[in-house]
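Take a look at the letters that make up each chain.
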Amino acid sequence: MDRRTQVSLYVISDLLSAATAWTLFYLYRKKVLEPLTFGYAVPVELDRNYAIGLFAVPLFWLGLYTMIGGYSDIFRRHRTKELGQTLLISLIGVVVIFFVLLLDDQVPDATYLARSFAVLFGLHFGLTLLPRFLLTSRTVRMVHDRRIGFNTVLVGGNERAVAIHHEIEGMRKSPGNRFVGFVSVNGGDQQLGAAGLPCLGRWTELRRAIDAHGVEEAIIAVESSEHEHISRIINELEGTNVRIKVIPDMYDIMAGSVKMTSIFGAPLIEVNPQIMPAWQFALKRLFDIVFSAFALVLLSPLFLVLAVLVRTSSPGPVFFRQERIGRFGRPFRIIKFRSMYADAEQAGPQLSSSTDPRITPIGRFLRRARLDELPQFWNVLKGDMSLVGPRPERRYFIDRIMEVAPHYRHLHKVRPGITSWGQVKFGYAENVDQMVRRLKYDILYIENMSLAVDLKILAYTVIIMLKGDGK
């Protein structure tokens, strides 16, 4: 069974469940609740309101499931996750429907509304969970029986690699790993070859092996003490959409680094399994759009004043546009209020400093108050940027940073932001060393991304803007 077929089964199941739940709820209102309101039996008619609901409500649920990630990693779902996710989505969706469609109903007392909410929630949750639970149970059985698997490469061919290979292959219930081969780390780790697993080259050829064999998981089987090797391998795998797992040692286990997601799986450390839940990503993007649109409208008078100040302070355009590198390494053109004299980079790419003579008098004020960044709400609205995220850099400086900090590429997992943890801590970087120091905070942000962290960073950014003490 391919992924598209499996997703289609979930989609059809959700649409039918939502339609059935809405129909039963409509009949319940007509047969039970409305007679309590009007004092007489109400004829049951499948009228225009029912037809509109039958069309719109299932589509609403489909959109909600898509937004929260109900159709992602379709072969990696498990029953406890299905129960929790269906419960959460049902609660959110029923609350939305209740406030949009039901709250203004004519009711005899508050118990009517409570009963409406309870019945709609119970019908939708029960009718949705049952087929989803059955579909997920079937998938889990197929994974355990090795009818569904995820092409896996072992990074390293030493004794640890041989041990984890034998352990996973010997399990009665497979965790889903289908080994296609291994790559050597130091050239001498060839023990897996004797076990019958083909060598796919050196670790530097990982990307070629991933493309050639459709690899979905990589298990790093080097000593945990060899942090340099692990770091370089993870950097090599960055951007490949491959799940990365590391064989832990006893220190990792005692330190709590190993988080088990399956009773039957081998104990492995999963690296960056998920930056944020899909629903938080969707909510973050929705917040970006709403906030940016609101800010562009609300701040339009300020934009006009700043545009006049920039235009009259020195010859040149009001806005400054420059190519930056965004999510997945894609270039885009960032827009800011011009804070430097025209043709400030005739000698090539340069970073500015607090005493940079290229900065105009009004530009110095704009930078201290972060007002030069305001036009980037347009970049956020377009989808090039987010409100909060690592600051986007030019390719020239990214290449300089990568020479001393190859893990910079981790920043391209997410949209760059108008403000960031590193920006709040350091402000504008004046040289590559400061960029590397700021990088630590941007990596920490990605590893701890959440809506709560975003709100904290936004709050500190507003404080900096009001104080005018940005660096």
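Overview of the structure. Not measured: the values here are computed from a predicted model.

The next subject is the side chain of S314. On the secondary structure map, S314 appears in the loop between α11 (300-313) and β7 (319-325). Classification of S314 as buried rests on a relative accessible area of 5%. A distance of 2.9 Å separates a polar atom in the side chain of S314 from a polar atom in the side chain of R338. For S314, the contacting residues outside a window of four places in its chain are R338, Y341 and T360.

Turning next to the sheet that holds strand β1 (residues 150-155). Strand order in the open sheet made by the six strands is β3-β2-β1-β4-β5-β6, with mixed pairing throughout. Lying at the two open borders of the sheet, with one neighbouring strand each, are β3 (199-202) and β6 (269-271). When the angles between neighbouring strand axes are averaged without regard to direction, this sheet yields 30 degrees. Where β1 meets strand β4 (residues 217-220), four bridges bridge the pair, whose relative direction is parallel.

Before going further, it helps to examine helix α10 (residues 278-298). With 21 residues, α10 extends 30 Å between its outermost C-alpha atoms, agreeing within 8% with the 30 Å of an ideal straight helix rising 1.5 Å per residue. Every buried residue belonging to α10 is among Q280, A282, K284, R285, D288, S292 and A295, and all of these are buried. Here the buried face of α10 lies against α2 (48-68), α11, α13 (377-382), β9 (386-388), α16 (432-447) and α17 (451-467).

Another point: the pairing of β1. Counting buried positions along β1 gives six out of six residues, so the element sits mostly inside the fold. Here β1 shows a buried face lined by F150, T152 and L154 and a second buried face lined by N151, V153 and V155. Strand direction decides the pairing type here: β1 and strand β2 (residues 177-184), joined by six bridges, are parallel. In the strand pairing of β2, V155 is matched with V183. Regarding the hand of the β-α-β motif, the stretch spanning β1, helix α5 (residues 159-169) and β2 is right-handed.

Residues L88, I92, V96, V100 and L101 make up a contiguous nonpolar surface patch of about 380 Å² in total accessible area. Locating V96 in the fold gives a position in helix α3 (residues 79-102).

Restricting attention to buried positions, one finds in helix α14 (residues 395-404) the residues F397, I398 and I401. Looking down the long axis of α14, one finds its buried residues gathered within 105 degrees of arc, a one-sided arrangement. Buried residues along α14 sit against β7 and α16.

Bringing the environment of Y441 into the picture now. Tracing the backbone through its elements, the reader meets Y441 in helix α16. Y441 sits 17 residues away from V424 along the chain, and the two C-alpha atoms are 9.6 Å apart. Apart from residues no more than four positions distant in its own chain, Y441 is found in contact with W421, G422, K425 and F426.

Calculation rules
Residues numbered from 1 in each chain as written. Predicted model: local features only at pLDDT ≥ 70, side-chain atom pairs only at ≥ 80, totals over all residues. Heavy atoms only, no water. Helix = DSSP H or I, 4+ residues; strand = E, 2+ residues; numbered from the N terminus. Buried < 20%, exposed > 50% of the residue type's maximum accessible area, 1.4 Å probe, protein only. Polar contact = N/O pair within 3.5 Å; in protein donor to acceptor, adjacent residues only side chain to side chain. Contact = heavy atoms within 4.5 Å. Pairing = 2+ DSSP bridges. Axes fitted to C-alpha atoms, helices over the stretch in contact; angles between N-to-C directions. Expected span 1.5 Å × (residues − 1). Right-handed = clockwise from strand over helix to strand, strands pointing away. Patch = residues over 30% accessible without salt bridge, like charges linked within 9 Å, V, L, I, M, F, W, Y side chains within 5 Å. Areas by Shrake-Rupley, 256 points an atom, 1.4 Å probe, with all protein chains shown as cover. Salt bridge = Lys/Arg side-chain N within 4 Å of Asp/Glu carboxyl O. Arc of directions from axis to C-beta.

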